Amino acid sequence: MSFCADFYRRIQGRRWTGFQGFILNKAFAVSDAVPAGKVWIFMSLSGFRLSSASSRILHFFAVPPADAGGLVNLGADGTSGQFTGVNNNPPLKSGVLLSIGGGTGLTDMQSLGGSSVNGVNLPSYLPEGWKVLACIDSNEGVTNPTPDGITIDAALIEVATDECIPDLL
Amino acid sequence: MRASILNRAEYKRWTTSNSTPSASINPYVISERVPADKVWIVLALSAFMPHAASSQFLRAFAVPPPISDMSLNPQNPSVDQDFSQTVSISNVEPILSGGVLVSKGSGTGSTEMSVNSPGGNANSVNLLRQRFVLRPLWALAVLQDKNGGGGNSFVIALSAMIIAMPLAEAVKDSYAALVAGTASPVFLVNKSL
């Protein structure tokens, strides 16, 4: 089935800003959940940190509905139960990596002073109830005393489940 | 394609059943088999090693029977003859009974495919190079590079987002016909959006 370019006029920019005052814990940010009856087609996904004190490696995960419901952006410096490590350190209770992987030496995923990193390895889909989580590599330290925070940006198309969309294969 | 297909995506996680008893036996993890009447469309795939002491390099394979049958009674990481062995390490590549790489390949220098980088850091690696279809009775296997070294109590945790589709259901007409047939091994990779 062919699609007209008009389909891509539906691309919308979304931004989710996590708490920007993490000092004693590692920063993270989470998207809204994909609404019921909808699917998100990600054309691009990225994230950044405003802190210029030190670079940090970011990772982007898709979190399934069973745990996504309780995963929200915090209003204060604290921890989320989605992280099984201390101070919001991965690994996650559940989730699958969307961005390129790795840890030390992963310069493509380092954010510093507002520089963005790419959050998706290839055009990606997110079903209803899932969320995107951006977090910091567990080998990185907290930024105390400098406040830290992550912002997620996305270019996505929200489609209803009864719509026809371009084939995913 | 109807967008509703994507809302059938499931989250899966499989973990090595038994941790490694020594540095001479490498860990591996095998997913459950794809049911005989389904195919899996793999939308996301990643892994980490929660307890390894040093950096390791992981690769993911689509594996056919008989090695995929191991998922019916997983004993991993016991020494398995489907894998190769070196003088000092078992359960390494190449997979003797067959298997095709689905992740990005690498040597031991790839930071993108390195877990526990540095040692003790439970970071994930992305094992999906392209979306792909896994045919009935096949499974996913994740191995550690044989040059990465071994250790005690190593396990691999594999996470995935998959859509399980009945064989009779149309994905794309050409794919559905191929998957239902038995003429040749079916491992289909394409991507368009």
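Residues numbered from 1 in each chain as written. Chains lettered and ligands numbered in written order. Predicted model: local features only at pLDDT ≥ 70, side-chain atom pairs only at ≥ 80, totals over all residues.

1. Examining the overall build of chain A
And then number 1: A count of helices and strands for chain A gives 1 helix and 10 strands.
And then number 2: Sequence-ordered secondary structure for chain A, helices as α and strands as β, is β-β-β-β-α-β-β-β-β-β-β.
And then number 3: For chain A, the C-alpha radius of gyration of 16 Å lies close to 15 Å, the compact-globule estimate for 169 residues.
And then number 4: A principal-axis box enclosing the C-alpha atoms of chain A has dimensions of 55 × 30 × 25 Å.
And then number 5: A burial count over chain A gives 47% of its 169 residues as buried. (Helix = DSSP H or I, 4+ residues; strand = E, 2+ residues; numbered from the N terminus. Rg over C-alpha atoms; globule rule 2.2 N^0.38 Å. Buried ≥ 20, exposed ≤ 12 C-beta atoms within 10 Å, placed from the backbone.)

2. A look at the overall build of chain B
And then number 1: Broken down by element type, chain B carries 1 helix and 11 strands.
And then number 2: The secondary structure elements of chain B, listed N-terminal to C-terminal, are β-β-β-β-β-β-β-β-β-β-α-β.
And then number 3: Residues classed as buried in chain B amount to 49% of the 193 residues present.
And then number 4: When contacts within chain B are restricted to residue pairs at least 6 apart in sequence, long-range pairs at least 24 apart make up 83% of them. (Contact = placed C-beta atoms within 7 Å.)

3. Side note on the environment of A:Ser116
Residues and elements named next belong to chain A.
And then number 1: Along the chain, Ser-116 falls in strand E7 (residues 116-118).
And then number 2: Expressed as a C-alpha distance, the spacing of Ser-116 and Leu-50, which sit 66 residues apart in the sequence, is 9.5 Å.
And then number 3: With near-sequence residues (within four places) excluded, Ser-116 lies in contact with Ser-46, Gly-47, Phe-48 and Ser-111.

4. Remarks on unusual backbone geometry
And then number 1: Cis rather than trans, the peptide bond between B:Pro65 and B:Pro66 has omega equal to 10°.
And then number 2: Along the chain, B:Pro66 falls in the loop between strand E4 (56-63) and strand E5 (100-101).
And then number 3: We note that A:Asn87 has phi near 55°; this positive angle belongs to a residue other than glycine.
And then number 4: For A:Asn87, the position within the fold is in the loop between helix H1 (65-68) and strand E5 (96-97).
And then number 5: Given 15 C-beta atoms within 10 Å, A:Asn87 falls into the partly exposed group.
And then number 6: If you check the backbone angles, B:Leu137 has positive phi at about 75° while not being a glycine.
And then number 7: Note that B:Leu137 resides in the loop between strand E8 (132-134) and strand E9 (139-144).
And then number 8: The class for B:Leu137 is partly exposed, based on 16 C-beta atoms found within 10 Å.

5. Points about the interface of chain A and chain B
And then number 1: If you look at the interface, chain A gives 40 residues, while chain B gives 42 residues.
And then number 2: By residue class, the composition of the side of chain A that touches chain B is 21 nonpolar, 14 polar and 5 charged. (Nonpolar A, V, L, I, M, F, W, Y, C, P; charged D, E, K, R; others polar.)

6. Notes on the confidence of the model for chain B
Residue and element names in this part refer to chain B.
And then number 1: Taken over all residues, the pLDDT of chain B has a mean of 85, while the share at 70 or more is 88%.
And then number 2: Here strand E11 (residues 188-189) stands out as the least confident element of chain B, with mean pLDDT 40; strand E1 (residues 10-15) is the most confident, with 97.
And then number 3: Predicted confidence for residues 173-193 stays below pLDDT 50, and this span has 30 contacts to residues more than four positions away or in other chains.
And then number 4: Of the two predicted TM-score estimates for the complex, the pTM is 0.87 and the ipTM is 0.86. (pLDDT = per-residue confidence, 0-100.)

7. A closer look at the pairing of strand E10 (residues 157-166) of chain B
On a regular strand, each side chain points to the face opposite its neighbour's, so the side chains alternate between the two faces of the sheet.
Residue and element names in this part refer to chain B.
And then number 1: Burial of E10 is extensive: 8 of the 10 residues sit out of reach of the surface.
And then number 2: Alignment of E1 against E10, held across 6 bridges, turns out to be antiparallel. If you follow Thr-15 over to E10, its bridge partner there is Ala-157.
And then number 3: Across 10 bridges, the pairing between strand E3 (residues 38-48) and E10 is antiparallel. Counterpart to Phe-48 in the pairing with E10 is Ala-157. (Pairing = 2+ DSSP bridges.)

8. Some thoughts on the pairing of strand E1 (residues 12-17) of chain A
Residues and elements named next belong to chain A.
And then number 1: Taking burial as the measure, the 6 residues of E1 include 0 buried ones, a minor fraction of the element.
And then number 2: With 6 bridges connecting them, E1 and strand E10 (residues 150-160) associate as antiparallel partners. Looking at E10, one finds that Thr-17 is bridged to Thr-151.

9. Considering the environment of A:Phe22
All names here are of chain A.
And then number 1: Structurally, Phe-22 can be placed in the loop between E1 and strand E2 (28-30).
And then number 2: For Phe-22, a count of 28 C-beta atoms within 10 Å gives the class buried.
And then number 3: The spatial distance from the C-alpha of Phe-22 to the C-alpha of Asn-144 is 8.2 Å, given a sequence separation of 122 residues.
And then number 4: Each residue touching Phe-22, except ones within four places of it in the same chain, is listed here: Ala-27, Asp-77, Pro-147, Asp-148 and Gly-149.

10. Some details on the environment of B:Leu134
All names here are of chain B.
And then number 1: Residue position: Leu-134 is located in strand E8.
And then number 2: A sequence separation of 99 residues divides Leu-134 from Pro-35, and the C-alpha atoms of the two residues are 10 Å apart.
And then number 3: In this structure Leu-134 touches Val-34, Val-39, Trp-40, Val-42, Ala-62 and Leu-140, once residues within four positions along its chain are discounted.

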